[in-house]
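Chains, contacts and geometry: an overview
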Amino acid sequence: MHPDHTEPPHPPSPPSRGGRRLRSIVVTLAMGVAMFAAGAVVLAPGQNTDSRPSGQNRPGASPPRGSIEALQDRVTRLPKDPGGWAALGMAYVQQARSTADPATYDRAEKALRTSFTVLAEDNTDAEIGMGALAAARHDFPAALRWARKATASDPYSSSAYGVLADAYTQLGRYDEADEAVQKMADLRPDAASLARASYSFELKGDTDRARALMSRSLAAAATRGDTSFAHNVLATLDLQDGDPRAALARTRTGLKAAPGDSALLETRARARTALGDTTEALADYRAAVAIAPLPHYLLGLGELEQSLGHREQAEEQYTLLRAQDRIREATGDPADTDAILFEADHGDPRRAVTMAEQTLRTRPFVAVHDAYAWALHKAGRDSQSLVQADKALATGARSALFRYHRAVVHHALGDSEAARNDLTEALREPAFHPLHADAARELLQRIDTTP
């Protein structure tokens, strides 16, 4: 991939009836920039996407342009504006991703469906929105269908190709994802396309190229959301490289520009954990959870508390995770990798296997293969587990957790040399997990001292 152009190779398509300003809002909100540690689609929260509930602005002040309140006002005044409804739908998608409130997805779908009632055909903005909504719900086959519609109705929409790339990635169709990312970058080499290109290389284990492209994404960032996202990814790469001090410095820089960014707070918590500053790490985790009780924040906080012997505090987080999973199960949505790993480690491994099998049917992504492998191991099915663990690492991704999981499986199957190799690779990130990192060191020591 060579996202080096400064101008798109073709003229952009004309704006929809919603007008150029609303199209720019949809594009900003649609810049879902990749799927990292847990493999979840993350929508970059552009600076003009204030998701505060109504009534939280200063008394007498106009709502921020692009906020949900402003978009609600707009569709009230212009109910026949398809672009306005599409922008509102995308804003709801972003709010749901930021607040872990699944009920907001229903509001998103209602707004997007309303956009289609106003403009049924060639409604690219709403098609992009529906694709992003499907991806956020982890319905990646549906996300792919909507993305294909969007690229057909507007072949020059870089955002449509971004949703297409996300869907292909999560469906395990990595070559096609690379092609979509290249097309996106050719059309618009902006922060969003560069970030996706960065992730394509990260999945292959080429972290140097991933870092270079994410640095370019940071330089191209046009919103506070783009900037904080890039800082967070770069800090995560620092952690993967075993450099928590660099990660800490990076998150501090990002939080100066975006105070209260929950993703940066969570990454700073992991950096502080790696540096042994668990008191401040706990504070950062709690702050992140207070902003958005996302499953991987709750799991990270709970497992850090458990590693410190704070069983009661850990159980508080685990109780919230179980409640979230009951809601997920009631809606029929597939489980995310965090839920599968949590069930495998802290619940019923056999149930974790069932959850993983259900998710894998519509999301054969590397992180799901890893979660399935771990669930199978915990359920005592190591031969089957190794097949999935190999698939998790087939792209070349540098994941300490994936390596640790496969090492444990190798060891259980009696292959100490393969286990040693994976453990050595995993421990290049010495504090990759609050519980498993110590277990990895202990296992490696046992292997090395066994005749």
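Above this note sits the structure.
None of the values given here were measured: they were computed from a predicted structure. (Residues numbered from 1 in each chain as written. Predicted model: local features only at pLDDT ≥ 70, side-chain atom pairs only at ≥ 80, totals over all residues. Heavy atoms only, no water.)

Some thoughts on the overall build of the protein
The secondary structure content of the protein amounts to 23 helices and 2 strands. In the protein, buried positions account for 55% of the 451 residues. Nonlocal contacts in the protein, meaning residues at least 24 apart in sequence, comprise 57% of its contacts between residues at least 6 apart. Taken as a whole, the protein presents about 18700 Å² of accessible surface, with 50% of it coming from carbon and sulfur. (Helix = DSSP H or I, 4+ residues; strand = E, 2+ residues; numbered from the N terminus. Buried < 20%, exposed > 50% of the residue type's maximum accessible area, 1.4 Å probe, protein only. Contact = heavy atoms within 4.5 Å. Areas by Shrake-Rupley, 256 points an atom, 1.4 Å probe, with all protein chains shown as cover.)

Focus: the pattern of salt bridges
A complete count under the given rule lists 31 salt bridges for this structure. A salt bridge links Lys204 to Asp178, with the nearest nitrogen and oxygen atoms 2.9 Å apart. With Lys204 in the loop between α9 (191–203) and α10 (207–220) and Asp178 in helix α8 (residues 174–187), this pair connects stretches of sequence that are 26 residues apart. On the basis of relative accessible area, Lys204 is assigned to the partly exposed category, the value being 40%. Given the relative accessible area of 16%, Asp178 is considered buried. Salt-bridge contacts for Asp241 lead to Arg211; the nearest nitrogen and oxygen are separated by 2.6 Å. (Salt bridge = Lys/Arg side-chain N within 4 Å of Asp/Glu carboxyl O.)

Description of the nonpolar core
Counting 37 residues, the largest nonpolar core has Ile340, Phe365, Tyr404, Leu423 and Phe432 as its most contacted members. Mapped onto this core, the elements with two or more residues apiece are α9, α17 (337–346), α18 (349–362), α19 (366–378), α21 (400–412), α22 (416–426) and α23 (436–449). For this core, the element with the most residues is α19, which contributes 8 residues. In this structure Leu423 touches Tyr404, Ala407, Ala440, Leu443, Leu444 and Ile447, once residues within four positions along its chain are discounted. One finds Ala147, Tyr161, Tyr168 and Leu213 within the second-largest nonpolar core, a separate group that totals 28 residues. (Core = buried A, V, L, I, M, F, W, Y, C linked by side-chain atoms within 4.5 Å.)

Side note on the packing of helix α5 (residues 124–136) against helix α6 (residues 140–153)
Put simply, α5 and α6 touch, their axes get as near as 8 Å, and they point 165 degrees apart. One way to sum up the angle between α5 and α6 is to call them roughly antiparallel. Crossing handedness for the pair α5 and α6: left-handed. Across the interface between the two elements, Thr124, Glu127, Ile128, Met130, Gly131, Ala134 and Ala135 of α5 pack against Phe140, Ala142, Ala143, Trp146, Lys149, Ala150 and Ser153 of α6. (Axes fitted to C-alpha atoms, helices over the stretch in contact; angles between N-to-C directions. Parallel < 35°, antiparallel > 145°, perpendicular 65-115°, else oblique. Left-handed = near helix turned anticlockwise from the far one by under 90°.)

Observations concerning the packing of aromatic side chains
According to the stated counting rule, one finds 5 aromatic pairs in the structure shown. Here the aromatic rings of Phe116 and Trp146 are separated by 5.4 Å at their centres, their planes lie at 25 degrees, and the arrangement is stacked. On the criterion of sequence distance, the pair formed by Phe116 in helix α4 (residues 103–118) and Trp146 in helix α6 is long-range, its members being 30 residues apart. Take Phe116: its relative accessible area is 14%, and that puts it in the buried class. Pairing Tyr318 with Phe342 gives two aromatic rings, centres 5.3 Å apart and planes at 50 degrees, and the pair type is tilted. Within this pair, whereas Tyr318 is found in helix α16 (residues 311–331), its partner Phe342 is found in helix α17, the two being separated by 24 residues in sequence. Under the relative-accessibility criterion, Tyr318 is labelled buried at 0%. An aromatic cluster is defined as three or more aromatic residues linked by ring pairs; in this entry it consists of Trp374, Tyr404 and Phe432. (Phe/Tyr/Trp six-rings, centres within 6.5 Å; stacked < 30°, edge-to-face > 60°.)

These results come straight from atomic positions and should not be treated as a statement about function.
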